Protein chains: 2
Amino acid sequence: MSFDRLIEKIIEMKNPTVVGLDPRLEYVPEFIQKRYLDDDGWSLKAASRAIFSFNKLIIDEICDIVPAIKPQAAYYEMYGHHGVKTLERTIRYAKLKGMYVITDGKRNDIGATMEAYATAHLGSVVIGENEIEPFGADALTVNGYLGTDGIEPLLKICRERDKGIYVLVKTSNKSSGELQDKLIDGTPIYAVMGDMCEKWGEDTIGKYGYSAVGAVVGATYPQQLTELRKRLPHTMFLVPGYGAQGGGAEGLKGAFDENGLGAIVNSSRAVMCAYQKEGCDERDFAKAARREVIRMRDDITSYINLK
Amino acid sequence: MSFDRLIEKIIEMKNPTVVGLDPRLEYVPEFIQKRYLDDDGWSLKAASRAIFSFNKLIIDEICDIVPAIKPQAAYYEMYGHHGVKTLERTIRYAKLKGMYVITDGKRNDIGATMEAYATAHLGSVVIGENEIEPFGADALTVNGYLGTDGIEPLLKICRERDKGIYVLVKTSNKSSGELQDKLIDGTPIYAVMGDMCEKWGEDTIGKYGYSAVGAVVGATYPQQLTELRKRLPHTMFLVPGYGAQGGGAEGLKGAFDENGLGAIVNSSRAVMCAYQKEGCDERDFAKAARREVIRMRDDITSYINLK
């Protein structure tokens, strides 16, 4: 119905960050790769099983520090349906460990088809007498280029099942301005899209003032972050681009409201590959991930006023 | 490298149409549902197997009439990783039958992540000494909201492996105008996106004059179809919205060039559910699909000049 469930976890853990689980087989330490690849042969199935093992061990080490994970669908699809099974298992395991799960799928389509995506990722499908959650995430990232028709089916599920969505508003990449910065009657497209988020969310505002419709705004654009925070008072931000993409913690300040709420900052590779950067024993990869999420939490919270 | 492979099939079959395989379990005739659901129980796996059987029988009946299928990823994801396995199997089977396969995924993301999607759907992943195609489609629909960063990784694979993409330009749904019709310096966003397609495709133009970068333009907007055909001479159109969504064949004329090329028109539900509309025995569902694709081909080609 809103992002209250997530915001409560953020407050409880004093940590407005989310770990992106975007695993490539190359990130998985060799001792895990070997365990699966030697047993099953070098297949999509073996790679997917190795990746699940990697994810699971990271989740075990971070679940008491970080409120949420954000698995990126692309990296699972890359290993075919076996990879997608690992996505399902990762979501299920993280939820079992009490984490909030945002599937980063940037899905978009027209009405009936968007309903299928909404059902897949946030809802449940009825087969005979059974009702089954195919993926069961708590929130999904989506692309709003198709307008309200593509968002309505999601809102329905958000209301019914207490889920949320994050709509792409101002993305963190270099070429995001090619379209998103263009002006419509003097207003950049990203702000127009942001206004649409406020409208889509207006009847799902929770007790912290934020609706079930959030926005993706990149850490690499601190000025737009600050501008959009003021413009979109009920829209929670999912902020990628911290760390590996070059967005610093100080530039993130503007994404938060006066209570240190209103945003959740993502880091993916810096956490998954912390062991490579540290140069520690690969068997310590999960501990290195833990050290990195603590460092990140302390870095970001040093700039905001989260009580 | 371009859409030549698809265009050749269109010319050979004298048929510029594609069948959207967007199956819901409800579309599958009961005799097939029973066969799988009774064996495996009412599970995502059983539903997915029933859907594959349905798809396969339709492909068998239409593969000598229709050059391409367009499976919509959402309907497969709705059945979890089992559904995604059915997507893989459907693609593989259609290719075995000589069909061109456009995966309708409307994927989008920034550089490295888009590379993962491109690898998943159009490319191959290397695991140890094996190179494996996870999905192996010929083309993918994508969303260009993120600009060039999100398209470049696809272009690379298009060039290397003779694949194509269709970028959302003017979608067929009612609310598509909320963003897409807004003006940037007097030019609607859909035309700006169309111009980007021309630019992205400029070094992949094939012998029929069309590049590897196509555009999705809805049959429900005949005026924009005609306008964009003139504006984007090297951009092939994928046209949804014929039939069930209300776009008629006459309005499609403007999507085609003077040789009857430059567009491929999609129909999904009208083909898959032809047996329901006809009211014939459900065991004749594939024959009814065949009758519908022949009717559609004749309807559309009666308005264009395809030699």
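Residues numbered from 1 in each chain as written. Chains lettered and ligands numbered in written order. Predicted model: local features only at pLDDT ≥ 70, side-chain atom pairs only at ≥ 80, totals over all residues. Heavy atoms only, no water.

Concerning the overall build of chain A
Logical step 1: When its secondary structure is counted, chain A shows 13 helices and twelve strands.
Logical step 2: A compact globule built from 307 residues should have a C-alpha radius of gyration of about 19 Å, and chain A, at 19 Å, falls within 12% of that.
Logical step 3: C-alpha atoms of chain A, sized along the principal axes, occupy 60 × 50 × 35 Å.
Logical step 4: Here chain A, with 307 residues, has 65% of them falling under the buried criterion.
Logical step 5: Sequence-distant contacts, at least 24 apart, represent 73% of the contacts inside chain A between residues at least 6 apart. (Helix = DSSP H or I, 4+ residues; strand = E, 2+ residues; numbered from the N terminus. Rg over C-alpha atoms; globule rule 2.2 N^0.38 Å. Buried < 20%, exposed > 50% of the residue type's maximum accessible area, 1.4 Å probe, protein only. Contact = heavy atoms within 4.5 Å.)

Let's talk about the sheet that holds strand β3 (residues 100–107) of chain B
Adjacent strands of a sheet form backbone hydrogen bonds with each other and so pair up, either parallel or antiparallel.
Residue and element names in this part refer to chain B.
Logical step 1: On the basis of which strands lie adjacent, the closed barrel formed by eight strands has the order β1-β2-β3-β6-β7-β10-β11-β12 and parallel pairing. Between one strand axis and the next, the sheet turns by 30° as a mean value, whatever way the strands run.
Logical step 2: Of the strand pairs in this sheet, β3 and strand β6 (residues 139–142) are connected by three bridges, and their pairing is parallel. Residue pairing across strands places Thr 103 opposite Leu 140, the latter belonging to β6.
Logical step 3: Set on the sheet, helix α10 (residues 222–231) makes contact with β7 (164–170), β10 (213–217) and β11 (237–239); between it and β11 the angle comes to about 170°. (Pairing = 2+ DSSP bridges. Axes fitted to C-alpha atoms, helices over the stretch in contact; angles between N-to-C directions.)

So, the relation of the copies chain A and chain B
Logical step 1: Aligned on chain B, chain A shows an RMSD of 0.0 Å; the corresponding rotation is 180° and the shift along the axis is 0.0 Å. Between the two chains, the operation in question is that of a two-fold axis. (Least-squares fit on C-alpha atoms with pLDDT ≥ 70 in both.)

A closer look at the pairing of strand β6 (residues 139–142) of chain A
Residues and elements named next belong to chain A.
Logical step 1: Of the two faces of β6, the one lined by Ala 139 and Thr 141 and the one lined by Leu 140 and Val 142 are each fully buried.
Logical step 2: Bridging between β6 and strand β7 (residues 164–170) involves four bridges; their strand directions are parallel. By the bridge assignment for β7, Val 142 is matched with Val 167.
Logical step 3: Handedness of the β6-helix α7 (residues 152–161)-β7 crossover: right-handed. (Right-handed = clockwise from strand over helix to strand, strands pointing away.)

So, the interface of chain A and chain B
Logical step 1: Residue-level contacts link 69 residues of chain A with 69 residues of chain B.
Logical step 2: Summed over both partners, the interface of chain A with chain B buries about 5500 Å², with 60% contributed by carbon and sulfur atoms.
Logical step 3: Broken down residue by residue, the surface that chain A buries against chain B is led by His81(A), Ile127(A) and Tyr145(A), which jointly contribute 14%.
Logical step 4: For the pair chain A and chain B, the interface holds four salt bridges.
Logical step 5: For Lys106(A), the salt bridge is made with Asp109(B), and the minimal N-O distance between the two is 2.8 Å.
Logical step 6: The tally of links from chain A across to chain B stands at 41 residue pairs in polar contact (both at pLDDT 80 or more).
Logical step 7: Broken down by element, the side of chain A that touches chain B gets its largest block of residues, eight residues, from helix α6 (residues 111–121) of chain A. (Buried area = accessible area lost by both parts, 1.4 Å probe. Salt bridge = Lys/Arg side-chain N within 4 Å of Asp/Glu carboxyl O. Polar contact = N/O pair within 3.5 Å; in protein donor to acceptor, adjacent residues only side chain to side chain.)

Notes on the side chain of Asp104(A)
Logical step 1: Tracing the sequence through the fold places Asp104(A) in strand β3 (residues 100–107).
Logical step 2: For Asp104(A), a relative accessible area of 4% corresponds to the buried category.
Logical step 3: Among the polar contacts listed, one links the side chain of Asp104(A) to the side chain of Lys70(A), at a separation of 2.6 Å.
Logical step 4: In terms of polar contacts, Asp104(A) uses its side chain to reach the side chain of Thr141(A), at 2.6 Å.
Logical step 5: Residue contacts for Asp104(A): discarding those within four places in its chain leaves Lys70(A), Pro71(A), Gln72(A), Ala73(A), Thr141(A), Asp109(B) and Tyr117(B).

Quick notes on the packing of aromatic side chains
Logical step 1: In the structure shown here, the tally under the stated rule is ten aromatic pairs over all chains.
Logical step 2: Between Phe52(B) and Tyr93(B), the aromatic rings sit 6.4 Å apart at their centres with planes inclined by 85°, giving edge-to-face as the arrangement. With Phe52(B) in helix α3 (residues 44–62) and Tyr93(B) in helix α5 (residues 80–96), this pair connects stretches of sequence that are 41 residues apart.
Logical step 3: Taking the centre distance of 6.2 Å and the plane angle of 70° together, the rings of Tyr275(B) and Phe285(B) count as edge-to-face. Of the two residues, Tyr275(B) sits in helix α12 (residues 274–278) while Phe285(B) sits in helix α13 (residues 285–301), which places them ten residues apart along the sequence.
Logical step 4: With relative accessibility at 2%, the residue Phe285(B) sits in the buried group.
Logical step 5: Counting every residue linked through ring pairs, the aromatic cluster contains Phe31(A), Phe54(A), Tyr275(A) and Phe285(A).
Logical step 6: Between Arg89(A) and the ring centre of Phe52(A), over which it is positioned, the NZ or CZ distance is 4.0 Å. (Phe/Tyr/Trp six-rings, centres within 6.5 Å; stacked < 30°, edge-to-face > 60°. Lys NZ or Arg CZ within 6 Å of the ring centre and 35° of its normal.)

Quick look at the confidence of the model for chain A
Logical step 1: Averaged over every residue, the pLDDT of chain A is 95; the share at 70 or more is 98%.
Logical step 2: Model confidence for the complex: the whole-complex pTM is 0.97, and ipTM, which rates the interface, is 0.97. (pLDDT = per-residue confidence, 0-100.)

A closer look at the pattern of salt bridges
Logical step 1: This model, assessed by the stated rule, comprises 46 salt bridges over all chains.
Logical step 2: Note that Lys287(A) is salt-bridged to Glu61(A), the shortest N-O span being 3.0 Å. Placement of the pair is Lys287(A) in helix α13 (residues 285–301) and Glu61(A) in helix α3 (residues 44–62), with a sequence separation of 226 residues.
Logical step 3: You can call Glu61(A) buried: its relative accessible area is 17%.
Logical step 4: Within the structure, one salt-bridge network assembled from shared partners comprises Lys70(A), Asp104(A), Lys106(A) and Asp109(B).

Examining the sheet that holds β6(A)
Residue and element names in this part refer to chain A.
Logical step 1: A barrel is described by the order of its strands in space; here eight strands give the closed sequence β1-β2-β3-β6-β7-β10-β11-β12, paired in parallel fashion. With strand direction ignored, the average angle separating the axes of adjacent strands in the sheet is 30°.
Logical step 2: Together, β1 (17–21) and β12 (263–267) form the strand contacts of α13, whose direction differs from that of β12 by roughly 140°.

Focus: helix α7 (residues 152–161) of chain B
Residue and element names in this part refer to chain B.
Logical step 1: Those residues of α7 that fall on the buried side of the exposure criterion are Pro 153, Leu 154, Leu 155, Ile 157 and Cys 158.
Logical step 2: Turning to α7, the residues buried within the fold contact α6 (111–122), β6, β7, α9 (189–201) and β10.
Logical step 3: Within two residues after α7, Asp 162 carries a phi angle of roughly 55°, on the positive side.

Details of the side chain of Asn266(B)
Residue and element names in this part refer to chain B.
Logical step 1: Turning to its location among the elements, Asn 266 is positioned in strand β12 (residues 263–267).
Logical step 2: A distance of 3.1 Å separates polar atoms of two side chains, one belonging to Asn 266 and the other to Ser 268.
Logical step 3: Not counting the four nearest positions on each side in its chain, Asn 266 is found in contact with Val 18, Val 19, Gly 20, Lys 70, Val 239, Pro 240, Gly 241, Tyr 242 and Met 296.

Things to note about unusual backbone geometry
Logical step 1: The phi angle at Asp185(A) is positive, at roughly 50°, despite the residue not being glycine.
Logical step 2: Residue position: Asp185(A) is located in the loop between β8 (183–184) and β9 (187–188).
Logical step 3: Here Asp185(A) falls in the exposed class, since its relative accessible area comes to 80%.
Logical step 4: The backbone phi angle of Lys106(B) is positive, close to 45°, even though this residue is not glycine.
Logical step 5: Following the sequence through the fold, Lys106(B) ends up in strand β3.

Some details on α13(B)
All names here are of chain B.
Logical step 1: If you check α13, its first and last C-alpha atoms are 24 Å apart, about what 17 residues at 1.5 Å a residue would give, namely 24 Å.
Logical step 2: Regarding α13, the residues found buried are Phe 285, Ala 286, Ala 288, Ala 289, Glu 292, Val 293, Met 296 and Ile 300. Buried residues in α13, looked at end-on, bunch into an arc of 150°, giving them a common side. (Expected span 1.5 Å × (residues − 1). Arc of directions from axis to C-beta.)

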